[in-house]
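Coordinates in review
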Amino acid sequence: MAGNEEAAGGERGQKSKHLTQAEGGVLDEGGGYVPLTEGVSEQGVFQLVGGYLDSDGVVHKEVHLRAMSGHEEDLLSNDSVPFFQRMTGILSQCCIRIGTIEDRGQIIKAIRGLPAGSRQHLLICLRRASHWRTTKDYYDMKVECPKCEKDSDFKVNLGTLDTYEMPDATKRVFEGELPDAKIEYVWKITSFEQDEILSAITQSETAHHELLTWSILIRLVSLGGDKVEVKPSEVVDQTTGQLLKTFPKRILEMRQKIKNLTTDDRQFFRDEFMEHEPGVETDIDFKCPKCKKEFVGRLDLGQRSFFFPSGRQKRSNRRSFT
């Protein structure tokens, strides 16, 4: 699905099979549930979209996860730690192996080096591994209808979400020339650092309306010969995870430069991102049971209720490009 105020975002890379066909899952021996792999209860082996590219050029996709325990639940509930950092810690603790990597320090490095779409996929895989006894692959969520503004309950099968692979998983940096501005650019696939910045932008009351601009800015390495790369420490408070009130002059100037680009050039960037970055389709088609309107809602992974199925459900946000 696609759509935003500056035009649609283009097609992603090669569309892969449904998760239930393309990857492993958890083993449930009861209730007529068909096991997907020869796994053990509350563990699962999955094939990550995108994957981790190590320093030797090897792509690691297969990930072995264990279910969340009380240790991870307590970390998830610890509001003194920025939510983004909490989720990184939880993923690192629950990952037994990624590819051939089993060393704990290297696993943490690998998870930090995953593309943003791969990290989203990893969160979904962890949710599936952690709740096989109760909800299995299903996630219950409340969604607000944009027409009648009424909340309704929907059940989403996490095993049928579409994934999008990278055309070349070994290539993480791209360059070219913008069609209108005729200036050269270099951009890279998002990883932990860019994800951290985007998380802070999304939560900011003053900057979230600039999400489309920041989504371009955080990916750029250079634009028109000028170095761009934005580091989290330059714009995010590392203690709170909140966006800083002031930014370096270099970043302010580059942000304005991106704002000054034509819509066609900005759309060109978005098409590039969609074509080359891995991802999971989190935009879902719904039909309101009250007014019968069909609309698109978003599966929001950044909430506690995603991992606590019995908890209070948060309303789904409607589609916006990130």
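So, here's what we can say about the structure. (Residues numbered from 1 in each chain as written. Predicted model: local features only at pLDDT ≥ 70, side-chain atom pairs only at ≥ 80, totals over all residues. Heavy atoms only, no water.)

Quantified by volume, the second largest pocket comes out at close to 290 Å³. Residue lining of the second largest pocket: 18 residues in total, with L53, G113, R172, I189 and S191 positioned closest to the centre. Every element with two or more residues in the lining of the second largest pocket is listed here: strand 1 (43-53), helix 4 (104-112) and helix 6 (192-203). Among the residues making up the lining of the second largest pocket, the classes are represented as seven nonpolar, five polar and six charged. (1 Å grid on protein atoms, 1.4 Å probe; cavity = no way out; pocket = protein on both sides within 12 Å on 5 of 7 lines; lining within 4 Å. Points joined across faces, edges and corners; volume = space filled by probe spheres on them. Helix = DSSP H or I, 4+ residues; strand = E, 2+ residues; numbered from the N terminus. Nonpolar A, V, L, I, M, F, W, Y, C, P; charged D, E, K, R; others polar.)

Quick look at the packing of helix 3 (residues 83-94) against helix 4 now. Here helix 3 crosses helix 4 at 135 degrees, and the two axes come no closer than 9 Å. Here helix 3 is positioned oblique relative to helix 4, judged by the angle of their axes. Note on packing geometry: the crossing formed by helix 3 with helix 4 is right-handed. Residues T88, L91, S92 and Q93 of helix 3 lie in contact with helix 4, whose contacting residues are R104, I107, I108, I111 and R112. Residues that form the contact of helix 3 with helix 4 fall into these classes: four nonpolar, three polar and two charged. (Axes fitted to C-alpha atoms, helices over the stretch in contact; angles between N-to-C directions. Parallel < 35°, antiparallel > 145°, perpendicular 65-115°, else oblique. Left-handed = near helix turned anticlockwise from the far one by under 90°. Contact = heavy atoms within 4.5 Å.)

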